[in-house]
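# Coordinate inspection notes
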Amino acid sequence: MKFYTYNIQELSNEDYQKYFLMMSPQKQQRVKKLRFEDDKKRTVAGEMLARKAIAKFCYINESAIVFHLNEHGKPFLKGLPCHFNISHSGDLVVLAVNNEPIGIDVEKVRSVDLAVSTRVFTANEAEQIFSSKKPYETFFMLWTEKESILKCIGTGFSHNKNYTKSDFETIQFKIQEYFISIATKK
Ligand SMILES: CC(C)(COP(=O)(O)OP(=O)(O)OC[C@H]1O[C@@H](n2cnc3c(N)ncnc32)[C@H](O)[C@@H]1OP(=O)(O)O)[C@@H](O)C(=O)NCCC(=O)NCCS
């Protein structure tokens, strides 16, 4: 498995244009509709990171890569021995490339309404958050773990409760104020 990070503030205008033009017309339209410049940069930086890393992983030209989307919007590759997943939060874009299905999630630790915990997490997980000395850290540790598993499956949040945690292996770590989780099937 290969893991990459990128700070969107380092994205030059030249690279923005280059990778925007490599996107599918549908993704270009999606970027055009984004209101905030940083949201546009996060999406273009993800495209750049993915093309560069997949090209290296598969020994192909980055402009030859065609992204397909599953019915829940997860991008995947056809005919290449390579799986990947992108995530972005704040200034950070992260990418994992693997030869088996993979999911990644990054979240900047921040204060949120912890009441959502009872809706999103199991009773045990919610209890872990409410009894923690650092509840926001615990919240985002569990949140990124869940998201990375859902992103590995490819169903996204629509299937929030339809998985068995023990079927997955997750690696979790922090880079400055960002929590990152990477999930693969056992
Ligand atoms: C679609 C979803 C994966 C979006 O997650 P997110 O946390 O908003 O966004 P991330 O930055 O982590 O990931 C976005 C990237 O994931 C990829 N992606 C999109 N749909 C995906 C899916 N169904 N499965 C896996 N990856 C997906 C794309 O590459 C996307 O990047 P792009 O928009 O630049 O092309 C989904 O899980 C979702 O709807 N989440 C809502 C957030 C939420 O309520 N989470 C609660 C969980 S505790």
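Residue indices follow the written sequence of each chain, beginning from 1 at its first position. Note on the predicted model: pLDDT of at least 70 is required for a residue's local features to be given, and 80 or more for side-chain atom pairs to be given and counted; whole-chain, interface and lining totals, by contrast, use all residues. Note that the side-chain values use all heavy atoms of the structure and ignore hydrogens as well as water.

### Re the nonpolar core
Counting 25 residues, the largest nonpolar core has Y6, L11, V44, I54, F84, V93 and L95 as its most contacted members. Each helix corresponds to a stretch of at least 4 residues labelled H or I by DSSP, and each strand to a stretch of at least 2 residues labelled E; elements are numbered beginning at the N terminus. Among the secondary structure elements, those contributing two or more residues to this core are α1 (13-22), α3 (37-58), β4 (83-89) and β5 (92-98). A per-element tally of this core places α3 first, with 9 residues. Ignoring sequence-local partners within four residues, the contact set of L11 consists of Y6, Y16, K41, V44, A45 and M48. Residues belong to a common nonpolar core when they are buried Ala, Val, Leu, Ile, Met, Phe, Trp, Tyr or Cys residues joined through side-chain atoms within 4.5 Å. Under the scheme applied here, a residue whose accessible area is under 20% of the maximum for its type counts as buried, over 50% as exposed, and between as partly exposed, the area being computed with a 1.4 Å probe on protein chains only. One finds I102, V106, Y178 and I180 within the second-largest nonpolar core, a separate group that totals 9 residues. Every residue pair with non-hydrogen atoms within 4.5 Å of one another is taken to be in contact.

### Observations concerning the domain arrangement of the protein chain
For each domain, the first and last residues come from an automatic or database assignment. We note that the domain assignment places domain 1 (2-99) and domain 2 (104-185) within the protein chain. Taking only C-alpha atoms, the centre of domain 1 and the centre of domain 2 are 23 Å apart. Facing 17 residues of domain 1, the contacting portion of domain 2 comprises 18 residues. Of the roughly 1200 Å² buried where domain 1 meets domain 2, counting both sides, 63% is carbon and sulfur surface. Within 3.5 Å is the distance limit for a polar contact, defined as a pair of N or O atoms, with the added protein rule that one can donate a hydrogen and the other accept it, and that residues adjacent in sequence qualify only through two side-chain atoms. If you look at where domain 1 meets domain 2, you find 9 residue pairs in polar contact (both at pLDDT 80 or more). Each of two parts loses accessible area, computed with a 1.4 Å probe, when they are put together; buried area is these two losses added.

### Considering the side chain of N98
Turning to its location among the elements, N98 is positioned in strand β5. Of the polar contacts made by the side chain of N98, one reaches the backbone oxygen of E100; its length is 3.1 Å. Here N98 is in contact with M1, F57, P81, C82, H83 and T184, once residues within four sequence places are set aside.

### Remarks on the pairing of strand β7 (residues 168-175)
Across 8 bridges, β7 lies against strand β8 (residues 178-185) in antiparallel orientation. Counterpart to Q172 in the pairing with β8 is S181. Hairpin remark: β7 followed by β8, antiparallel, with 2 residues in the connecting loop; positive phi at Q176, about 50°. Following DSSP output, two strands are said to pair if at least two bridges run between them.

### Here's the deal with the site of the ligand
The local shell around the ligand holds 22 residues, among which S87, H88, D105, E147 and K151 are the closest. H72 is positioned with one of its backbone polar atoms (N or O) 3.0 Å from a nitrogen atom of the ligand. The side chain of D105 places a nitrogen or oxygen atom 2.9 Å from an oxygen atom of the ligand. Surface exposure here means Shrake-Rupley accessible area, sampled with a 1.4 Å probe, where a residue is shielded only by the protein chains that are shown. Summarising the interface, the protein chains cover 79% of the accessible area of the ligand, which totals 910 Å² for the free molecule. Of all the elements in the fold, those that place two or more residues in the shell around the ligand are α2 (25-33), β4, β6 (102-108) and α6 (135-153). The classification used treats Ala, Val, Leu, Ile, Met, Phe, Trp, Tyr, Cys and Pro as nonpolar, Asp, Glu, Lys and Arg as charged, and all other residues, Gly among them, as polar. Among the residues forming the shell around the ligand, the class breakdown is 5 nonpolar, 9 polar and 8 charged. The residues that make up the shell around the ligand include at least three from each of domain 1 (2-99) and domain 2 (104-185). We call a residue near a molecule or strand as soon as one heavy atom of that residue lies within 4 Å of the molecule or strand.

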